[in-house]
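So the chains spell out like this:
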Amino acid sequence: MPPLSLLGSRVAKRNREPAFMSSTPEVADPYGLITRQFQVDPYPTYEKLRNDAPAYFSEAWGGWLLTRYQDVQSGFKDPRLSSNRAGAFGAMLPAALKERLAPVVQSLGLWALLIDPPAHTRIRSLVNKAFTPRLVEYLRPRIQEQVDLLFDKAEAAGKLDMVHDVANLLPVAVIGDMLGIPREDGQKLRVWADAFATFFGTTKYTPEVLEQMRTGIVEMEEYFRGAVAQRRKSSTQGSDLLSTMLAAEDEGRFLSEQEVLATCSLVLFAGHETTTHLLSNGLYLLLKNPEQRELMLGSEEQLTAAVEELLRYESPIQRLSRVIAEDYELHGQQLRKGQKAFLMIGAANRDPRQFPKAEQLDLKRQDNRHIAFGFGVHYCLGAALGRLEGQIALRAVLRRFPRMKLLQEPERLENVAFRGYKAMPVALG
Ligand code: HEM
């Protein structure tokens, strides 16, 4: 049973290894997609692929890579590229595990991210009603407060690791506030978020990974079932996402309780690690390009444009997988039903066919139609929130610590789907 590979593998080296098997046959990898060098700096390879093989079947990854902006953007809208990976996961489970993992299969089957229209359309339109600009405004002062708290702690300690002390903590705290759970329960969210990240990042479903995922889903649903019951008892409607999801109505239809619970875990998974990497990639780029730093501190428009460029230049999600639902031809290649395709966001966002001087970071860039948040029906529901967290946190760090410096060159994650760092110790100056 191949791992769900929603985004890709945490450790790319053994990416094709079927789960539950212990050895991997050697595979051809002419573009070096399973090398450490690719994890560290994939951009030269992206350029070669865009120029020489824009639709490329990688034996090493077990799927097609689409690297040109135009193809990736169209791929997001193409019904022949299905997002339905949840069903495949359930169907491929060995009989002995089916019952034990039923709660996971049931929850993932309701994640908007993993299903296609028309099932997707219904859930998405209802969840969308809860993801309002009002929700983002409700969160703005809470994000600022969390950011101040984290930097106060760093200042008091006289040291900061951007990954461990800020980027790993802020998004999950904001999701807690968004869902309306008490701050003292934040640690629970972090444990569940880690279980989800491990499950989706793995190359091999070990019993531990599956059991941890099951525990995460079961515990989280139990916790939120209690929170739902409390909301239902209360006579006033809160501004948090849980309350707004329960109230969301579309032509007389509502989300079922199970759909609300599944969306809570989806939001935790989708909103945590992505934003984490925006913060650490963003700070790294700002420290490496001091001449552009002032733009973060200028007007709101400049700040907004700067964060968009950081998202384009080092996209937190580099690739997303899809299942090919019918045969078709692209750039003279035959893509076959049942094969996997990777929409290479990281390559598309550096395509010079779309972005002038694509390899240059330009925080003033105009007409920046990057696809770091995807495109089409699955376009990120939390884009406004992710952006806001990036704007508030990055502006705050530069304002508070204008002489901040990297203590050493930070190490990249061993991951080809999420682009981020393992740690980022800095001197506060
Ligand atoms: C910088 C931060 C973020 C990035 C780069 C990002 C990126 C993405 C991308 C590329 C997709 C499309 C997935 C696909 O097409 O298969 C997506 C979907 C999604 N994102 Fe985000 N995201 C971020 C932050 C957030 C936040 C903060 C939340 C919520 C709190 C969130 C919730 C979601 C949800 C629910 C979906 C699924 C939408 C659907 O399938 O209809 N994201 N995100």
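Presented here is an overview of the structure given in this document.

Basis of the calculations
Residues numbered from 1 in each chain as written. Predicted model: local features only at pLDDT ≥ 70, side-chain atom pairs only at ≥ 80, totals over all residues. Pairing = 2+ DSSP bridges. Helix = DSSP H or I, 4+ residues; strand = E, 2+ residues; numbered from the N terminus. Contact = placed C-beta atoms within 7 Å. Axes fitted to C-alpha atoms, helices over the stretch in contact; angles between N-to-C directions. Near = placed C-beta within 6 Å. Nonpolar A, V, L, I, M, F, W, Y, C, P; charged D, E, K, R; others polar. Buried ≥ 20, exposed ≤ 12 C-beta atoms within 10 Å, placed from the backbone.

It is worth spelling out the sheet that holds strand β2 (residues 63–66) at this point. Within a sheet, each strand pairs with its neighbour through backbone hydrogen bonds, oriented either parallel or antiparallel. Taking strand neighbours across the sheet as the criterion, the 5 strands line up as β1-β2-β10-β7-β3 in an open arrangement whose pairing is mixed. If you trace the sheet from one side to the other, it starts and ends with β1 (55–58) and β3 (81–82), each paired once. Here 4 bridges tie β1 to β2, and the two strands are oriented antiparallel to one another. In the sheet register, S58 faces β2, and the bridge partner there is G63. The strands touched by helix α3 (residues 69–77) are β2, β3, β7 (320–324) and β10 (340–343); relative to β10, the strand with the most contacts, the crossing angle is about 120°.

It is worth spelling out the site of the ligand at this point. Around the ligand, a shell composed of 24 residues is seen, among which G271, G374, C380, G382 and G386 lie nearest. Listing elements by their share of the shell around the ligand, those giving two or more residues are α14 (257–288) and α18 (383–400). By residue number, the principal contributor to the shell around the ligand is α14, which donates 7 residues. Of the residues assigned to the shell around the ligand, the class counts are 15 nonpolar, 8 polar and 1 charged.

Here we come to the pairing of β1. With burial as the criterion, only one face of β1 is covered, namely that bearing Y56 and S58; the residues A55 and F57 on the opposite face remain uncovered. Following β1, the chain reverses through 4 residues before pairing antiparallel with β2; G62 in that reversal takes a positive phi of roughly 70°.

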